[in-house]
Amino acid sequence: MKKKLKILALNHRCHLHPNTGGSEVNLFEQAKYWVQYGHDVTIVAEDPGREHAPEKNEVYEGIKIIRMGNEYTIYMLGAWYTFQHGHEYDVILDIWNGIPFFTKLATRTPVTLMQHHIHGPMWFTEFGLPINIVGWSF
């Protein structure tokens, strides 16, 4: 039997967020397979509030979901969660949705970065100076 892995994934939104898109669909579909193969999966994501996600934390199809922060604080809180708990996992998936969670700086646990698409010019339509310059630079 293969080793059961403890997997931590950080994504800016959960599957119940009103602006859920392809990144969330992809992550949650993959996570379902990981659970079916016997792995423990935890996803840390932005908390969309009780009107969208009745429970702050839940287990959905075997996936433990931890919701925290908002669209601006989730990255800092996700990195902090990784700093505090990263050693409890075998592997971490840092999902880059415009910016990464910088989990590699917060833990010695192996980290894989997943980027679904390049944001490019979107930084200049969504944000002002200096955030757009910093984001575009990544």
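Remember, predicted model here, so these are calculated numbers, not experimental data.

Cut-off values and rules
Residues numbered from 1 in each chain as written. Predicted model: local features only at pLDDT ≥ 70, side-chain atom pairs only at ≥ 80, totals over all residues. Heavy atoms only, no water. Salt bridge = Lys/Arg side-chain N within 4 Å of Asp/Glu carboxyl O. Helix = DSSP H or I, 4+ residues; strand = E, 2+ residues; numbered from the N terminus. Buried < 20%, exposed > 50% of the residue type's maximum accessible area, 1.4 Å probe, protein only. Pairing = 2+ DSSP bridges. Axes fitted to C-alpha atoms, helices over the stretch in contact; angles between N-to-C directions. Contact = heavy atoms within 4.5 Å.

(A) Region of interest: the pattern of salt bridges. Taken as a whole and assessed by the stated rule, the structure comprises 7 salt bridges. D90 serves as the salt-bridge partner of K3, at 3.4 Å between the closest nitrogen and oxygen. Of the two residues, K3 is situated in the segment before β1 (6–10) and D90 in the loop between α2 (74–85) and β5 (91–96); the sequence distance between them amounts to 87 residues. A relative accessible area of 56% places K3 in the exposed class. For the salt bridge of K32 with E29, the shortest nitrogen-to-oxygen distance reads 3.0 Å. In this pair, K32 and E29 both sit in helix α1 (residues 22–36), 3 residues apart, roughly one turn of the helix.

(B) Seen up close, the sheet that holds strand β3 (residues 57–60). Strand order in the open sheet formed by 6 strands is β3-β4-β2-β1-β5-β6, with mixed pairing between adjacent strands. Single-partner strands in this sheet number two, and they are β3 and β6 (111–115). When strand polarity is set aside, the average angle formed by the axes of neighbouring strands in this sheet is 20 degrees. As defined by bridge partners, β1 adjoins strand β2 (residues 40–46) across 5 bridges and the pair is classed as parallel. Counted as the bridge partner of K6 is D40 from β2. On the sheet, α1 packs against β1, β2, β3, β4 (63–68), β5 and β6 and is oriented at approximately 160 degrees with respect to β2. Lying over the sheet, α2 contacts β1, β2, β4 and β5, oriented at roughly 150 degrees with respect to β2.

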